[in-house]
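The lines below spell out each chain.
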Amino acid sequence: MKDDLLPIGQFARLCRLSVKQLRHYADLGLLPPAWVDPASGYRYYRADQARQALSIGLLRSLDVPLSAIGEVLSGTTAVQALERIRDELEAELARRRRTLATLERLLSQGLPSARVRLARERPQRVVTTRETAASPQDIGRATTACVARLLEHAHAPRAGGGQDEGPRTADVRLVGLFPVEMDEPIPVTVALRTDGPAPRGTRQDVLPGGLFARATHIGPYDQINLTAHALLAWCAERGHAPHGPIREVYLSDPARTPPERLATRLMVRLGEAAP
């Protein structure tokens, strides 16, 4: 054994890490020991490995996942890896802020309630496009992609989407279709009411008619779930099982309307066929 090797306990104290962490990092290939005693299995490190060990500790304190630390330490894709992690943290921070805003609304207004009405709808010809969201947090991205695809061919302003940003509806009427049960992955569909041909990337479809329970949500798109909760609670209390997805009919253009005044009609089909 060379004189410059440090026992794992001494090296851990030097690098402000635990022995357990060092063993874990070694198992992942991030920081293998300089020498392992074949008789005892005891691990030893060199002093010049301290910089890498401290760098791992720093990155972990910044919530950089272990799976990305190897990229950062390699130096070849360090910038790209850190930029990706920064973007993920910013997205998570934005989601937390939306959650906080919803909690503030609950604190000020109590549990959600909504005025629910019954209405009959006729079948409607539409063109639709679909995306798959990996999780509820991914619904906004999926909806945005659908909306952009539809509006590009409808010669309307490009929009943000769905339950995070909301579509722009300056000259068209868009309808978002979201499953009642959010089993992952989540199919997301957006429909455009039109009598024209289906543009590339979409298909012609018909939104079924029938008897619907509906309520109007006033406020940001990221708080639509409050009104959806109230609408589904109303249906459950009266023994109505939703048939098909929840429809979000976007009545306002977010490019022209403040978020607190955006109007969205939520609709749940109750399964009675239209005459």
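Residues numbered from 1 in each chain as written. Predicted model: local features only at pLDDT ≥ 70, side-chain atom pairs only at ≥ 80, totals over all residues. Heavy atoms only, no water.

Trainee: Please set out the sheet that holds strand S11 (residues 263-269) residue by residue, giving values where relevant.
Mentor: What the eight strands build is an open sheet, ordered S4-S9-S11-S10-S6-S7-S5-S8; its pairing is antiparallel. Two strands in the sheet have a free side with no partner beyond their single neighbour: strand S4 (117-121) and strand S8 (203-207). Here the average twist between neighbouring strands, direction ignored, is 35°. Here five bridges tie strand S5 (residues 124-133) to S8, and the two strands are oriented antiparallel to one another. When the sheet's bridge partners are listed, Thr128 is paired in S8 with Arg203. (Pairing = 2+ DSSP bridges. Helix = DSSP H or I, 4+ residues; strand = E, 2+ residues; numbered from the N terminus. Axes fitted to C-alpha atoms, helices over the stretch in contact; angles between N-to-C directions.)

Trainee: Lay out the packing of helix H3 (residues 50-61) against helix H4 (residues 66-74) with the relevant residues and their values.
Mentor: Running from N to C, H3 and H4 cross one another at 130°; their axes reach a closest spacing of 10 Å. Classified by the angle their axes make, H3 and H4 are oblique. Between H3 and H4 lies a crossing of right-handed hand. Along its contact with H3, which presents Gln52, Ser55, Ile56, Leu59 and Arg60, the element H4 presents Leu66, Ile69, Val72 and Leu73. Partitioning the contact of H3 with H4 into residue classes produces six nonpolar, two polar and one charged. (Parallel < 35°, antiparallel > 145°, perpendicular 65-115°, else oblique. Left-handed = near helix turned anticlockwise from the far one by under 90°. Contact = heavy atoms within 4.5 Å. Nonpolar A, V, L, I, M, F, W, Y, C, P; charged D, E, K, R; others polar.)

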